[in-house]
Amino acid sequence: GAVVSQHPSWVICKSGTSVKIECRSLDFQATTMFWYRQFPKQSLMLMATSNEGSKATYEQGVEKDKFLINHASLTLSTLTVTSAHPEDSSFYICSARDSTSGGFQETQYFGPGTRLLVL
Amino acid sequence: SQQGEEDPQALSIQEGENATMNCSYKTSINNLQWYRQNSGRGLVHLILIRSNEREKHSGRLRVTLDTSKKSSSLLITASRAADTASYFCATDRSSWGKLQFGAGTQVVVTP
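Model, not experiment: these values are computed from the prediction.

A.B. asks: Hey, could you go over the pairing of strand S2 (residues 10-14) of chain B for me, with residue numbers and the actual values?
C.D. replies: Residue and element names in this part refer to chain B. Across the two faces of S2 the burial differs, with Leu11 and Ile13 buried and Ala10, Ser12 and Gln14 not buried at all. The pairing of S2 with strand S11 (residues 105-110) spans five bridges and is parallel. Across the sheet, residue Leu11 finds its bridge partner in S11, namely Val107.

A.B. asks: Tell me about the environment of A:Arg24, and name the residues and values.
C.D. replies: Residues and elements named next belong to chain A. Relative to the helices and strands, Arg24 is located in strand S3 (residues 19-25). Distance in space between the C-alpha atoms of Arg24 and Leu74 is 8.9 Å, their sequence separation being 50 residues. In this view, Arg24 contacts Val3, Val4, Ser5, Met33, Thr75 and Leu76; residues no more than four positions away in its chain are not counted. For Arg24, the side chain forms a polar contact with the side chain of Glu22, separated by 3.5 Å.

A.B. asks: Can you lay out the nonpolar core for me, pointing to particular residues and giving the numbers?
C.D. replies: Core analysis: the biggest nonpolar cluster contains 24 residues, and A:Trp35, A:Phe67, A:Leu79, A:Tyr92 and A:Leu116 have the highest contact counts within it. At the level of elements, strand S2 (10-13), S3, strand S4 (32-38), strand S5 (44-51), strand S7 (67-73), strand S8 (76-81), strand S9 (90-97) and strand S11 (114-118) of chain A are the ones that each hand at least two residues to this core. In this structure, B:Ala19, B:Trp34, B:Leu61 and B:Ile76 belong to the second largest nonpolar core, which totals 22 residues.

A.B. asks: How would you sum up the packing of aromatic side chains? Please name residues and give values.
C.D. replies: One pass over the full model with this rule turns up eight aromatic pairs over all chains. Plain terms: the ring middles of A:Phe110 and B:Tyr35 are 5.0 Å apart, the flat faces sit at 75 degrees to each other, and that makes the pair edge-to-face. Residue A:Phe110 is found in strand S10 (residues 108-110), and its partner B:Tyr35 is found in strand S4 (residues 31-37); the two belong to separate chains. Comparing A:Phe110 with B:Tyr35 shows no difference in burial state: the two are buried.

Reading the values: the criteria
Each chain has its residues counted from 1, following the order in which its sequence is written. Labels follow written order: the first chain is A, the first ligand is 1, and so on. The predicted nature of this model means local features are confined to residues of pLDDT at least 70 and side-chain atom pairs, given and counted, to a pLDDT of 80 or more, with totals for whole chains, interfaces and linings taken over all residues. No hydrogens and no water enter the side-chain calculation; it runs on all heavy atoms of the structure. The cut-offs for exposure are 20% and 50% of the maximum accessible area for each residue type, with area from a 1.4 Å probe on protein chains only; residues under the lower value are buried, those over the upper are exposed, and the others partly exposed. By definition, any uninterrupted DSSP run of H or I lasting at least four residues is a helix, any uninterrupted run of E lasting at least two residues is a strand, and each is numbered from the N terminus. A pair of strands counts as paired when DSSP detects no fewer than two bridges linking them. By definition in these notes, contact holds between two residues if any of their heavy atoms fall within 4.5 Å. Two N or O atoms form a polar contact when they lie within 3.5 Å of each other; inside protein one atom must be a possible hydrogen donor and the other a possible acceptor, and for residues adjacent in sequence the pair counts only when both atoms belong to side chains. Each nonpolar core is a collection of buried residues, namely Ala, Val, Leu, Ile, Met, Phe, Trp, Tyr and Cys, held together in the definition by side-chain atoms within 4.5 Å. Any pair of Phe, Tyr and Trp rings, taking the six-membered ring for Trp, is counted once the centres come within 6.5 Å. Such a pair is stacked with planes under 30 degrees apart, edge-to-face with planes over 60 apart, and tilted for the rest.

The following block contains the structure:
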């Protein structure tokens, strides 16, 4: 089955530093990936849509300069949390749709998530 | 913002019993999907039901969709301890894949 990986699985950093999270589709191409954030005991909130070869589309209220997204290849999207602060501590999850055959399959495949703790 | 609500927020049942959870949403959709999330882990896709479908089955799972009421239900039959997880519904309004998730139902199945 389709697999999406995320790296790292968890990260602890000091306030003010930047953290990069990778999302990879391992056995399919994904021209579109999505980034979500989940706070403890809450649901997933869509942050942005990552498009291969073009700019990401951010949801209302999400700062694009704070959360930099790069989708440089058909299998890799990265989310960089710049100048991280304690309130950015959260569980970040990516998902991808299989576009290998040219169209989009409806099913999305989610990565295992990255837990970020900013001290 | 979240598309809809799920109820109950939490459900505790014994092995062998059925578990039913409901999802309501606010706007028209292209499809509705159910996911499972074990504590601190990623999401596992369970079932996708399109707006022109009314019911779908997958193993012990049964999903219904009522677009007139803007609601869906997920039934897990003969539950097992391994079914303990949080269950989320997510709506895709545009077919672009932008999902809006419900608040989730936390299910605990005790042996």
